[in-house]
Amino acid sequence: MGKPQYIQIVIRLILLIINGVIIVFSFKKGFIVNTIGFSLFLLFQFFLFTEYLKKLFTDIEKSIDCLLFDDYSNTISAEKRKNPLHNKTALLLEKHRKQSLSKTSEQLIFTNIIESLGIGILILKKDVNGEISVFQINKAFANFLKIPKFYNWNLLQTKIGELSTFIEDWKEIRNTISLKINDDKENFFLKTAVTQTNEFEYLVVSLETIQQLIDKKEKEAWYKLMNVMSHEIINTITPISSLAENLHSLLQEENTDEDTIDELSQGLSIIKRRSLHLTSFVDTYRKLAELPLPNKKEISLTDTIQNTLELYKQEFLVKKINLIFNSSDNFIINADKNQIEQILINLISNCLYALAETEHPEIEIQLTEENNRLHLEISDNGIGISNEIKENIFVPYFTTRKNGSGIGLTLTKSIVEAHKGSIHFNSKNGKTAFIITFIL
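Residues numbered from 1 in each chain as written. Predicted model: local features only at pLDDT ≥ 70, side-chain atom pairs only at ≥ 80, totals over all residues. Heavy atoms only, no water.

(A) Just the pattern of salt bridges, in detail. The full count for this structure, using the stated rule, is 5 salt bridges. Residue K319 is joined to E315 by a salt bridge in which the shortest nitrogen-to-oxygen separation is 2.9 Å. Of the residues examined, K319 reaches a relative accessible area of 41% and is grouped as partly exposed. For K431, the salt bridge goes to E364, with nearest N and O atoms at 3.8 Å. Residue K431 is located in strand β12 (residues 431-439), and its partner E364 is located in strand β9 (residues 362-370); the two are separated by 67 residues in the primary sequence. (Salt bridge = Lys/Arg side-chain N within 4 Å of Asp/Glu carboxyl O. Buried < 20%, exposed > 50% of the residue type's maximum accessible area, 1.4 Å probe, protein only. Helix = DSSP H or I, 4+ residues; strand = E, 2+ residues; numbered from the N terminus.)

Now the structure itself:
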């Protein structure tokens, strides 16, 4: 409060005290009329004092009510804001009004972002009593399931069918699911995440069609491939263009001596060499793109591995590489023998490169069968695969070797996938392993 308000309150309190003293004095002296008169006057003074206080705090009370119910329509006049208490109340009200506008704007932006996504998003909110409500649902989610955008969870739950069983678990999930949409089965990739705040627990549900995932992976693969190809082509054409311009200037000279002819010959030789390199690069890509379908027959994978290892027997001895392979069990698969040998050659060659600087080099090959799956694991204790190149390890023409073609692992992956198998790798604790899985 300001100084004028303090003075008024003090004066009114003093008058009330004086009036009270007079009433006591009159009562003791037996002045009944005076006592009654001053008592009525005291009541009038007290009424005026309470009205003053009520008037003083009415705007503050209104402002507090506005803050409690998020209603920012109340304003305090400039005259009243001369009072410091009213001024601070007005500033507090204004601050919360701006925060509310900012929150509304952020919520609008957040909603627009959610709506613009191509994947389906549903965000549910659970309070401390376990009551669930819909926080956000975007158009893609509703379109995937062919339902209206219900914001009432009890109503929405009846429309999303089998999906509600996954939501009821209220835990993080990453899984491919099949949902019945208008009597048709459709496959989706379901991902959920749980977030906790002070008051609520949120479950973020995202739905993505399998085709969306395939398109995304294809775009990423093409982007990486075009980066590699454009890099290789530009690196070849740029020096050729520069050299051709230099040779052209030499041909413009009137006197062509022996040194000029030698320089022309060297330049043409370089152009030829770089052209052959570019031709080889394109031819390698053509071979990769035209990988023939596997000619599948029943073969012994154990014998195929053993025969392939014979090719490297002398190199293992020279480089003192410890080979671990238990060939006692005979595993039979339906596959193209030549293409399987190509896989083994590519992976063993990678092991040899990784072990070049290793003191006690070791290659281990394991075959294990589980649930109609045959797992082939080839590992080494070499330099490993750094985090920087893990994402590009199967990208065509990506290589860390000086003379590498960069298609070994790409070709390996293509062959494995042509056999309806899968390949992945892990590199940790000083050991790098490539694991190939065949379906029996």
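And the narrative resumes.
(B) Summary view of the pairing of strand β11 (residues 422-428). The alternating pattern of β11 places I423, F425 and S427 on a buried face and S422, H424, N426 and K428 on a face that is not buried. Bridge count between β11 and β12: 7 bridges; the pairing is antiparallel. Bridge pairing links F425 to F434 in β12. Taken together, β11 and the strand that follows it, β12, pair antiparallel across an intervening segment of 2 residues, in which N429 is found at a positive phi of about 55 degrees. (Pairing = 2+ DSSP bridges.)

(C) Expanded view of a nonpolar patch on the surface. Nonpolar side chains collect at one region of the surface, where I7, V10, I11, I14, L15 and I18 lie side by side and expose about 510 Å² of accessible area between them. When its relative accessible area of 41% is taken as the criterion, L15 is described as partly exposed. (Patch = residues over 30% accessible without salt bridge, like charges linked within 9 Å, V, L, I, M, F, W, Y side chains within 5 Å. Areas by Shrake-Rupley, 256 points an atom, 1.4 Å probe, with all protein chains shown as cover.)

(D) The packing of helix α9 (residues 301-311) against helix α11 (residues 337-354), seen in detail. Interaxial distance between α9 and α11 falls to 10 Å at its minimum, and their mutual angle equals 50 degrees. When the axis of α9 is compared with that of α11, the two are oblique. Considering only the axes of α9 and α11, their crossing is right-handed. Each of L301, T304, I305, T308, L309 and L311 in α9 lies in contact with α11, whose residues at this interface are K337, I340, E341, L344, I345 and I348. In terms of residue class, the contact of α9 with α11 is made up of 8 nonpolar, 2 polar and 2 charged. (Axes fitted to C-alpha atoms, helices over the stretch in contact; angles between N-to-C directions. Parallel < 35°, antiparallel > 145°, perpendicular 65-115°, else oblique. Left-handed = near helix turned anticlockwise from the far one by under 90°. Contact = heavy atoms within 4.5 Å. Nonpolar A, V, L, I, M, F, W, Y, C, P; charged D, E, K, R; others polar.)

(E) Structural detail: the environment of T358. Within the secondary structure, T358 sits in the loop between α11 and β9. Taking the C-alpha atoms as reference points, T358 and N381, separated by 23 residues in sequence, lie 7.7 Å from one another.

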